[in-house]
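# Descriptive analysis of the structure
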Amino acid sequence: MNIDWMAFLIVFASALLAAVFVVALYSLGIRFLATPAPRAPRADGSFEPDGPSRDDEDDDVDDLGRPRWATVAANVCFALSALAVLVGIFLIIPALHFW
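Reference entry: report on the structure contained in this document. (Residues numbered from 1 in each chain as written. Predicted model: local features only at pLDDT ≥ 70, side-chain atom pairs only at ≥ 80, totals over all residues. Heavy atoms only, no water.)

## Some points on helix α2 (residues 68–92)
Defined as follows: Numbering of helices and strands runs from the N terminus, with a helix taken as a DSSP run of H or I at least four residues long and a strand as a DSSP run of E at least two residues long. Here, expected helix span is obtained from the residue count minus one, scaled by 1.5 Å. Burial classes: relative accessible area under 20% of the type maximum marks a residue as buried, over 50% as exposed, and values in between as partly exposed (1.4 Å probe, protein chains only). Any two residues whose heavy atoms approach within 4.5 Å at even a single point are treated as in contact.
Taking 1.5 Å as the rise per residue, α2 with 25 residues should run 36 Å; its terminal C-alpha atoms sit 36 Å apart, in good agreement. Taken residue by residue, α2 has A70, A73, A74, C77 and S81 as its buried positions. Next to the buried residues of α2 lie α1 (5–33).

## Observations regarding the packing of aromatic side chains
When we look at a pair of aromatic rings, we describe it by the centre distance and by the angle of the planes. As a reminder, the rule being used: Only rings of Phe, Tyr and Trp enter the pairing, Trp through its six-membered ring, and a pair is recorded when the two centres are within 6.5 Å. The plane angle decides the type: under 30 degrees is stacked, over 60 is edge-to-face, the rest tilted.
By the definition in use, this model includes 3 aromatic pairs. Aromatic side chains W5 and F8 sit 5.7 Å apart centroid to centroid with 85° between the ring planes, which places their arrangement in the edge-to-face category. One end of the pair is W5 and the other is F8, both in helix α1 and 3 residues apart, which spans about a single turn. By relative accessible area, which is 47% here, F8 ends up partly exposed. Seen from their ring centres, Y26 and F78 are 5.0 Å apart, and the 50° between their planes marks the pair as tilted. A residue pair is termed long-range when its members are at least 10 positions apart, and Y26 in helix α1 and F78 in helix α2 qualify at 52 residues.

## A closer look at the environment of P67
Mapped onto the elements of the fold, P67 is located in the loop between α1 and α2. Note on P67: relative accessible area 17%, which makes it buried. Note: C-alpha distance between P67 and T35 (32 residues apart in sequence) is 7.7 Å.

## Side note on α1
Compared with the 42 Å implied by 1.5 Å per residue over 29 residues, the 42 Å span of α1 between its first and last C-alpha is a close match. Residues of α1 that are buried make contact with α2.

## Description of a nonpolar patch on the surface
Keep this limit in mind: In this scheme, patches are assembled from residues that exceed 30% relative accessible area and form no salt bridge. Like charges are connected within 9 Å, while nonpolar side chains (Val, Leu, Ile, Met, Phe, Trp, Tyr) are connected within 5 Å. Surface accessibility in these figures is a Shrake-Rupley result with a 1.4 Å probe; residues are shielded only by whichever protein chains are displayed. What counts as a salt bridge is simple: a side-chain nitrogen of Lys or Arg found within 4 Å of a carboxyl oxygen of Asp or Glu.
The grouping of I3, W5, M6, F8, L9, I10, F12, L16 and V20 at the surface amounts to a nonpolar patch, some 990 Å² of accessible area in total. Relative to the elements of secondary structure, L9 occurs in helix α1.

## Here we look at the environment of L96
Relative to the helices and strands, L96 resides in the segment after α2. Take L96: its relative accessible area is 31%, and that puts it in the partly exposed class. The residues contacting L96, other than those within four sequence positions of it, are I89 and F90.

Pasting the structure below:
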């Protein structure tokens, strides 16, 4: 019984990179969802001062909502991470290989 170490290293490296890729995409999507809304300017053009620091429980999005680009970017990150997981499942399960 002989082990093909090069094949083992290729599988190990690709699994590690795929895991890092999926986790990074998902966490980036969460970060985009946590993007705060732009501050509303006062009548004189200055901005309202930042309030006191908030706990994690109080990090709700305010009435202005988050920027549209942040929501789109978060959804793209979530979709790409789900696609990467589905491709991994497709590659692992031989019954899904139709050709």
